[in-house]
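Examining the three-dimensional arrangement
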Amino acid sequence: MNPEDSGIRDALSAAEVDVLPSAGRMEEVRGRMLAMSRSGVERARSGRRVRAAAALMLGVCGVMLGTTEAGRNLIRWAFTPVTEQHSVSVTTSDGRPWTRTGSAAPYSPEEKQLAADQFEEVSRMSAAGLGELTSLYEVPGQTIYMIRYELQDGSPMLVGSSELTEKQAANMAIDELMALRDSGGGAVIAQGEGPLGLGLYTIRYELSDRTVDLETWYPPSTREEREAIFAETRRLKESLRFTVDQASVSPEDPEGRVFGTLRYTLADGRSVGIIEEVPEGALSEDGTHVTVPDSGDEKPQGQDGAEWKAPDGGVYTMSGMGDDASAEEKRAIVDEFKEVYQLKQAGEGQLVGLLEGPGLFGERTHVTYRVEYMLGGGKSLTMGEGDLSVKQMENMRIEELFRLRDSGAGEVVSESESRMGLGRFTIRFTLSSGEAVELETSYPPSTAQEREVIFDETRGLKSERRFSVEDAQVGSGAGVWGHLIYTLSDGRRVGHYEQVPSDVVSNDGRRIVIPSTGEWFEIDRSRD
């Protein structure tokens, strides 16, 4: 298998399909793929996996990003357990690697030998140009051909591959078929809902010498239209704006990669599901669950807050309004969220601060933009944004600003103590236009490499459980959160608002106990 094919192999492996470089199990796989597209969540589990899933606390939690006049602005995070899916890989006599996956238990020697024998037979058949093309699937960057083979014992076998042999391509008229598909040709003869792509479609293509019916995840459309969808999902993936179904890892994978069905909400409201690798920044430290921003519908939140889901899937949440906040007050906050969203899309707002850190779970560097919005009634509202709109990026000169910051430029205008980062610093940046921009940050002027060294050290200290905790609280549905304070090797103290590792929380959930020092910290459970 060529290195560039490894992604497609892993994507289909996550879907419980054998691969060459992404391959299929027997005819039952076809039924499984159809079942996935219709239900998407049911699959067999061993007792061990069920117990592990039951032991994992699921839900959402709040993380403070900024302040408003009415209280704290929060983002909620959703948790998905990572389960085990075993795999077996073999190499046929022609040197091609194949993989079968999807078992809750390790494959037995007999099952491994059966897989080797079946793959050997399919490899010979593909070289001879045999096989029936039944489905055409696409993921970012690749097309997957699903091919049905008839084995010598009479049993069918469905195989997915990102490339065909020369004889197969000719026999299946693949050039004419792909030209027709990429031009938007084809007629939908059946359609259903499902978690993959935009749904499940059967499309009829009229070729020069035959009629071909193929199952796909996308309706008739041009390649440019589909690539636009994939480009948007890539951007959403980078900012962790997706939900995850059926996250799994193969114990046989030396890299320990996690795959799942990542579901994205596009700007036009359509929902797209793609089987792909879960980004490292969305995984917990111990790899037991995936954590991404949670979405929700427009609604009041609890007794002390309000929440609104934006059209692009983002969630605006405010907490700390007080138990006596009326429904009208909460609705007023939701109206402000809507106005802020419109201002954001129009490129409005003034960038007033940048918060940087190693991410909520320590795996990746995260930037939060603090943006001040002027509402129609003259009210000022400062929000913590995980990303900016395209127009905002242009208007705020973000690229130039980050080039200056990451090179270590900037003049400190004022500084004071803070539990975030190394303190609170107001830094003046002078842009090429001569415009001066003052931003509040949690680190003094420094290069991106210098800050990353700090983040790496705090990641190590967290993994060693060497920190103190301030303002520890039970999150909104999962875990304990607080300001974790680290003492670096050079004596500086750095603070990040993060989830407290569960192994340092006492059994009664009342205290945090640090093993290395014996220090303990009370947990505020007033939000229970």
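Below, the structure is looked at part by part. Quick caveat: nothing in here was measured; it's all calculated off a predicted structure. (Residues numbered from 1 in each chain as written. Predicted model: local features only at pLDDT ≥ 70, side-chain atom pairs only at ≥ 80, totals over all residues. Heavy atoms only, no water.)

Considering the overall build of the protein chain
From N to C terminus, the protein chain includes 11 helices and 29 strands. The burial tally for the protein chain puts 52% of its 528 residues in the buried class. Contacts in the protein chain between residues far apart in sequence, at least 24 positions, make up 55% of those at least 6 positions apart. With the model as given, the accessible surface of the protein chain reaches about 23700 Å², and the carbon-plus-sulfur share is 49%. (Helix = DSSP H or I, 4+ residues; strand = E, 2+ residues; numbered from the N terminus. Buried < 20%, exposed > 50% of the residue type's maximum accessible area, 1.4 Å probe, protein only. Contact = heavy atoms within 4.5 Å. Areas by Shrake-Rupley, 256 points an atom, 1.4 Å probe, with all protein chains shown as cover.)

Observations regarding the pattern of salt bridges
A complete count under the given rule lists 34 salt bridges for this structure. The salt bridge involving Glu227 is made with Arg223; its shortest N-O contact spans 3.9 Å. In this pair, Glu227 and Arg223 both sit in helix H7 (residues 223-238), 4 residues apart, roughly one turn of the helix. When its relative accessible area of 30% is taken as the criterion, Glu227 is described as partly exposed. Across the salt bridge formed by Arg451 and Asp406, the nearest N and O atoms sit 2.6 Å from each other. Here Asp406 lies in helix H10 (residues 398-406) and Arg451 lies in helix H11 (residues 448-463), a separation of 45 residues in the sequence. Counted as one network, the salt bridges with shared partners bring together Glu138, Arg181, Asp182, Arg223, Arg226 and Glu227. (Salt bridge = Lys/Arg side-chain N within 4 Å of Asp/Glu carboxyl O.)

A look at unusual backbone geometry
Unusually for a residue other than glycine, Ala173 sits at a positive phi of about 50 degrees. The topology assignment puts Ala173 in the loop between helix H5 (166-171) and helix H6 (174-182). Note on Ala173: relative accessible area 15%, which makes it buried. With phi around 60 degrees, Arg465 is a residue other than glycine that occupies positive phi space. Relative to the assigned elements, Arg465 resides in the loop between H11 and strand S25 (468-474).

Remarks on H11
Across its 16 residues, H11 extends 22 Å between first and last C-alpha, which sits within 8% of the 22 Å expected from 1.5 Å per residue. For H11, the set of buried residues is Arg451, Ile454, Phe455, Thr458, Arg459, Leu461 and Lys462. Projection of H11 onto a plane perpendicular to its axis shows the buried side chains occupying an angular sector of 165 degrees, all on one side. Residues of H11 that are exposed and point over 90 degrees away from its buried face: Gln449 and Val453. Along its buried surface, H11 packs onto strand S19 (350-357), H10, strand S26 (480-487) and strand S27 (493-500). (Expected span 1.5 Å × (residues − 1). Arc of directions from axis to C-beta.)

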